[in-house]
Amino acid sequence: AEILRSWKSAPGNEASCLNAGRLLGEMLLSRCVDRFSAESEFFSGNALVPVPGWWARRIKRGFDPALRLAEGISEILGWPVWSPLPRVHGGRMAGKKRPQRRHASRRLFRVHSDSRRKFNMKLNLWVVDDLLASGSTSAAASRLLRQLRPHRIDLVVANVRNETVR
């Protein structure tokens, strides 16, 4: 949580975000290998999909935390990072109440048209987000990704805010 706050509050903390992604990759490796029937199944057929952040924050920080987290996880697990979701609407989610977040996230993303053609339906998609406050942005990204009909969608989050997520 402290590392997350440091890279969200000031620009230039890209290295700590990448390190946090590596830690997440190690945690996934230790916790998920037993979920798959064979170790080779764990390492193949997966792609990391970062949830794009608000454009003004990306400019201010100089990087996108979810993308850097995904890159750190990719270094450990060898899974490709795939970014089919550009953020097209809406502004900042911070400071909004749950119903406002839910409403604002309805048309937050779109899927690149060429991503639909190139998608392999046997893939497991791992949606990577830096912070889960209400789950609205992650849910919006997952809804769009479901249209691609992946084998499964999982969520990887660096930090969950201390409130009940419904």
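Residues numbered from 1 in each chain as written. Predicted model: local features only at pLDDT ≥ 70, side-chain atom pairs only at ≥ 80, totals over all residues. Heavy atoms only, no water.

Visitor: What's the story with helix 8 (residues 136-146) in this structure? I'm lost.
Guide: A turn of α-helix holds 3.6 residues, and therefore any two residues three or four places apart point the same way. Counting buried residues along helix 8, eight of its 11 residues qualify, which places the element largely inside the surrounding structure. All of the buried residues along helix 8 are Ser136, Thr137, Ser138, Ala140, Ala141, Ser142, Leu144 and Leu145. (Buried < 20%, exposed > 50% of the residue type's maximum accessible area, 1.4 Å probe, protein only. Helix = DSSP H or I, 4+ residues; strand = E, 2+ residues; numbered from the N terminus.)

Visitor: Got a minute to help me understand the pattern of salt bridges in this structure?
Guide: When their charged atoms lie close together, side chains carrying opposite charge are able to pair. This structure, assessed with the given rule, holds three salt bridges. Of the charged contacts in the structure, one is a salt bridge between Glu75 and Arg22, with a shortest N-O distance of 2.6 Å. With a gap of 53 residues between them, Glu75 in helix 5 (residues 65-77) and Arg22 in helix 2 (residues 14-32) connect regions that are remote in the sequence. For Arg22, a relative accessible area of 25% gives the class partly exposed. (Salt bridge = Lys/Arg side-chain N within 4 Å of Asp/Glu carboxyl O.)

Visitor: Got a minute to help me understand a positive patch on the surface in this structure?
Guide: A cluster of basic residues, Arg102, Arg106, Arg143 and Arg146, forms a positive patch at the surface. On the accessibility criterion, Arg102 (45% relative accessible area) is partly exposed. (Patch = residues over 30% accessible without salt bridge, like charges linked within 9 Å, V, L, I, M, F, W, Y side chains within 5 Å. Areas by Shrake-Rupley, 256 points an atom, 1.4 Å probe, with all protein chains shown as cover. Lys, Arg positive; Asp, Glu negative; His and termini not counted. Charge placed at Lys NZ, Arg CZ, Asp CG, Glu CD.)

Visitor: Is there a simple way to explain unusual backbone geometry in this structure?
Guide: Residues apart from glycine generally show negative phi values, whereas peptide bonds are mostly found in trans. Phi is positive for Arg149, close to 60°, though the residue is something other than glycine. Positionally, Arg149 belongs in the loop between helix 8 and strand 3 (152-160).

Visitor: Help me understand the pairing of strand 1 (residues 46-50) in this model?
Guide: On a regular strand, one side chain projects to one face of the sheet and the next to the other, so that they alternate. Most of strand 1 is tucked away: five of the five residues are buried. With burial as the criterion, each face of strand 1 is covered, one bearing Asn46, Leu48 and Pro50 and the other bearing Ala47 and Val49. Where strand 1 and strand 2 (residues 124-132) come together, five bridges link them in parallel fashion. Residue Asn46 lies in a different strand from strand 2, and its bridge partner there is Asn124. (Pairing = 2+ DSSP bridges.)

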